[in-house]
Amino acid sequence: MGYMENRNMDMVHGPLIKNIFVFSIPVMLANLLQIALNAADTIVVGKFSGQEALAAVGATGPIVNLLVSLFLGLSIGANIVIARQIGSRRDNEISASVHTSYFMALAGGILLTILGLFLSPLLLQAMGTPADIIDLSALYMKIYFSGAIPLLIYDFGAAILRSKGDTLRPTIYLAVSGGVNVVLNLVSVIIFKMGVSGVAIATVISEIISAVMVTKALLQENDATKLYPSKIRPTGYLFREILRIGIPAGLQSMMWSISNIAIQSSLNTFGSTTVAGNSAAANIEGFVYIGMGAFSQACITFTSQCAGAGEKGRIRRLLLVISGLMVVISFSIGALATVFGRFFLSLYTNDASVIDMGMVRMRYVCFWLWINGLLDVPSSSLRGMGYSTTPTVAMLLGIVGVRLLYISVIWRAMPTLEVLYFCFPLSWVITTFILFLLWVVFYRHYCAEN
C-alpha cells in the first residue's frame, strides 16, 4: 500500500518549516472550529438564557475535561504508535493498530458514558457548585456524556488520519458538524427555549455527525489505515503499547483537570457572577490555544515518524523550530485577546459585573498562556520519542503540586481573585523549566541507545 498519496506528507525528509505549517494550519482550523462550538454553546446560553445558564455550562468544564482526558490521552497514544509505524513502513502493524484503536474508542465510549452519568452530580457537589446553578450543570453533563461514544470515535479516527499527515479531512468534518451545532443551538435555545439542555443535545448530534464522517473516510482508504469493521478488535501487544503511551498522556491531562477543579472550587466561593465571568474568559482563552494545540500535535506526530525512521537530528531541530513558532504565535494571540478583552467578553454577556470578573482572568491568565504553550513542546517531543511517563511526572510536580500547595498556603492567606489566578503563570514557569531540563537528559539518552 502506498504511503505518499496526495493527502499524506513526508515528515521524515521533507522541508521542515513548510511541512509543519502544512500540517498545523488545518489543525488550527479544526481547533478553531472546536473552540467555536464551545463558544457557541456559551454565547447562546449567556445571551438568551441568562447569567445562571452561562455559569452552569461553564462550571461543568473542569469535570468534563477530567473525565474525558484519560480517553483522549489514549487517542494520542494511537497517533504516536501509528505514526512511528508509518515512519518505519510496517503495513501489517499499521492495520492492526487502526483496528485496535477503533476497539478502544468503542469500549472507552461505553465506559465514559457510565462514568459521566454517575460521577458528574457527585463531582459538582464536591466542588461546591453554587446552589442556583447546580441542577442546570448536572442536566447539561448527563446529556453531554450520552454522546461519549461518537466523541471518542471521532477523536481516534482523526488521530489515525493525522498520524500520516492528513489534517485537512478531520477539519472539514468538524466544519460540517460545527455548522449543524450552531444552527441547532440557535433553534433549541431561542425558538424552543430549551436552555442548557438544548445546547447539550446540539453538541451530541454534532458529535454523531463527525464520528460518521471520519469513519466513512477510513472505510474508503486505500492504504494500510483502511478500516474493516469485521477486524475491529484489540491486538494484544499493540493494545498494551497504546496504553503504555496513552495512559500517561491521559493522566497528565487528568492531573491538569484536577488542579483546575481545585481552582474552580475556590472560584465557586466568590459566587455565580465570578463563575460566569471566569467561564466566559476561559472560553476566550480557548482561541489562544488554537495555535498551541496545533504545534503540539505537529511535534508529537513529526517526532514519532522521525523516531520510527531513526532521524535523531531532525528530532532536535523540530523541538527548536516548534518552540519558536509556539512562542511567537501564542503570545501574539494572547496579547490581542487581552487588549480587546472587554469587547470579546461582551459577546458572551450583557452584564457589566460579569465582564469585570472576566477581565481579571484575562489579565492574569490569558496574557501568559504562551508559557503554557512553550511547556507543551518538550512534553510532546518526549512522548514522540517514547518517553510518555516522564512528562506526566513533571506535570504532577509542576502543575498539580504547585497549584495545590499554592491554594492551600498562599491563597488561603490572601484569598483574593487576583492571587488565585496567579497560580496559573507561576505553575507554567516552573513546569517549563523542569520539562526542558528533562528533555536534554532524555534526548541524550535516546541518542546513545539508538
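Values in this document were obtained by computation on a predicted structure and should not be read as measured data. (Residues numbered from 1 in each chain as written. Predicted model: local features only at pLDDT ≥ 70, side-chain atom pairs only at ≥ 80, totals over all residues. Heavy atoms only, no water.)

(A) Representation of the pattern of salt bridges. Summed over all chains, the structure comprises 9 salt bridges. The salt bridge involving arginine 90 is made with glutamate 93; its shortest N-O contact spans 3.0 Å. Judged by its relative accessible area of 34%, arginine 90 is partly exposed. (Salt bridge = Lys/Arg side-chain N within 4 Å of Asp/Glu carboxyl O. Buried < 20%, exposed > 50% of the residue type's maximum accessible area, 1.4 Å probe, protein only.)

(B) How the structure looks around the packing of helix 6 (residues 148–163) against helix 8 (residues 195–219). Direction vectors running N to C along helix 6 and helix 8 enclose 35 degrees, while the axes themselves pass 8 Å from each other. Classified by chirality, the crossing of helix 8 by helix 6 is left-handed. Together, Pro150, Leu151, Ile153, Tyr154, Gly157, Ala158, Ile160 and Leu161 of helix 6 and Glu207, Ile208, Ser210, Ala211, Val214, Thr215 and Leu218 of helix 8 make up the contact between the two elements. Of the residues contributing to the contact of helix 6 with helix 8, the split by class is 11 nonpolar, 3 polar and 1 charged. (Axes fitted to C-alpha atoms, helices over the stretch in contact; angles between N-to-C directions. Helix = DSSP H or I, 4+ residues; strand = E, 2+ residues; numbered from the N terminus. Left-handed = near helix turned anticlockwise from the far one by under 90°. Contact = heavy atoms within 4.5 Å. Nonpolar A, V, L, I, M, F, W, Y, C, P; charged D, E, K, R; others polar.)

(C) The arrangement of helix 7 (residues 168–191) in detail. With 24 residues, helix 7 extends 34 Å between its outermost C-alpha atoms, agreeing within 8% with the 34 Å of an ideal straight helix rising 1.5 Å per residue. Inspection of helix 7 places Arg169, Pro170, Thr171, Tyr173, Leu174, Ser177, Gly178, Asn181, Asn185, Ser188 and Val189 among the buried residues, and these make up the whole buried set. Where helix 7 terminates, the next one or two residues include lysine 193, which has phi positive at roughly 55 degrees. (Expected span 1.5 Å × (residues − 1).)

(D) Looking closely at the confidence of the model for the protein. On average, residues of the protein carry a pLDDT of 88, and 97% of them reach 70 or more. The weakest mean pLDDT in the protein belongs to helix 2 (residues 51–59) at 74; the strongest belongs to helix 6 at 95. Counted against residues more than four places away or in other chains, residues 1–6, with its pLDDT under 50, gives 16 contacts. (pLDDT = per-residue confidence, 0-100.)

(E) Quick look at the layout of surface pockets. One number sums up the size of the second largest pocket: a volume of about 180 Å³. Taken together, Ile43, Ile284, Phe287, Val288, Ile333, Leu336, Ala337, Phe344, Leu347 and Tyr348 make up the lining of the second largest pocket. A breakdown of the residues in the lining of the second largest pocket according to their chemical character gives 10 nonpolar, no polar and no charged. (1 Å grid on protein atoms, 1.4 Å probe; cavity = no way out; pocket = protein on both sides within 12 Å on 5 of 7 lines; lining within 4 Å. Points joined across faces, edges and corners; volume = space filled by probe spheres on them.)

(F) The packing of aromatic side chains, seen in detail. As enumerated under the stated definition, the model contains 15 aromatic pairs in all. Note on tyrosine 144 and phenylalanine 145: the rings are 5.4 Å apart at their centroids and 85 degrees apart in plane angle, and the pair reads as edge-to-face. Relative accessible area serves as the criterion here: at 12%, tyrosine 144 is assigned to the buried category. The class for phenylalanine 145 is buried, based on a relative accessible area of 0%. Between phenylalanine 331 and tryptophan 370 the ring centres are 6.4 Å apart and the planes differ by 80 degrees, which places this aromatic pair in the edge-to-face class. Pair noted here: phenylalanine 331 is in helix 11 (residues 312–339) and tryptophan 370 is in helix 14 (residues 369–384), with a separation of 39 residues, a long-range link. For phenylalanine 331, a relative accessible area of 36% corresponds to the partly exposed category. Each member of the aromatic cluster is reached from another via a ring pair, and the members are Phe331, Phe367, Trp368 and Trp370. (Phe/Tyr/Trp six-rings, centres within 6.5 Å; stacked < 30°, edge-to-face > 60°.)

(G) Up close: the side chain of serine 163. The residue serine 163 is located in helix 6 in this model. On the basis of relative accessible area, serine 163 is assigned to the buried category, the value being 0%. Contact partners of serine 163, with chain neighbours within four places excluded, come to Met11, Asn79, Ile82, Ala83, Ile86, Thr301 and Gln305.

(H) Structural view of a nonpolar patch on the surface. On the surface, Phe48, Val182, Val183, Leu186, Val187, Ile190, Ile191, Phe192, Met194, Ile201 and Ile205 cluster together to form a nonpolar patch covering roughly 910 Å² of accessible area. Mapped by element, the contributors of at least two residues to the nonpolar patch are helix 7 and helix 8. At 6 residues, helix 7 tops the list of elements feeding residues into the nonpolar patch. Considering the arrangement of structural elements, one finds isoleucine 190 in helix 7. Residue class for isoleucine 190 comes out partly exposed when judged on its relative accessible area of 30%. (Patch = residues over 30% accessible without salt bridge, like charges linked within 9 Å, V, L, I, M, F, W, Y side chains within 5 Å. Areas by Shrake-Rupley, 256 points an atom, 1.4 Å probe, with all protein chains shown as cover.)

(I) Fine view of unusual backbone geometry. With phi around 60 degrees, arginine 89 is a residue other than glycine that occupies positive phi space. Counting through the fold element by element, arginine 89 comes out in the loop between helix 3 (61–87) and helix 4 (91–126). At lysine 193, a residue that is not glycine, the phi angle is positive and equals roughly 55 degrees. Here lysine 193 is to be found in the loop between helix 7 and helix 8. Residue classification places lysine 193 among the exposed positions, given a relative accessible area of 67%.

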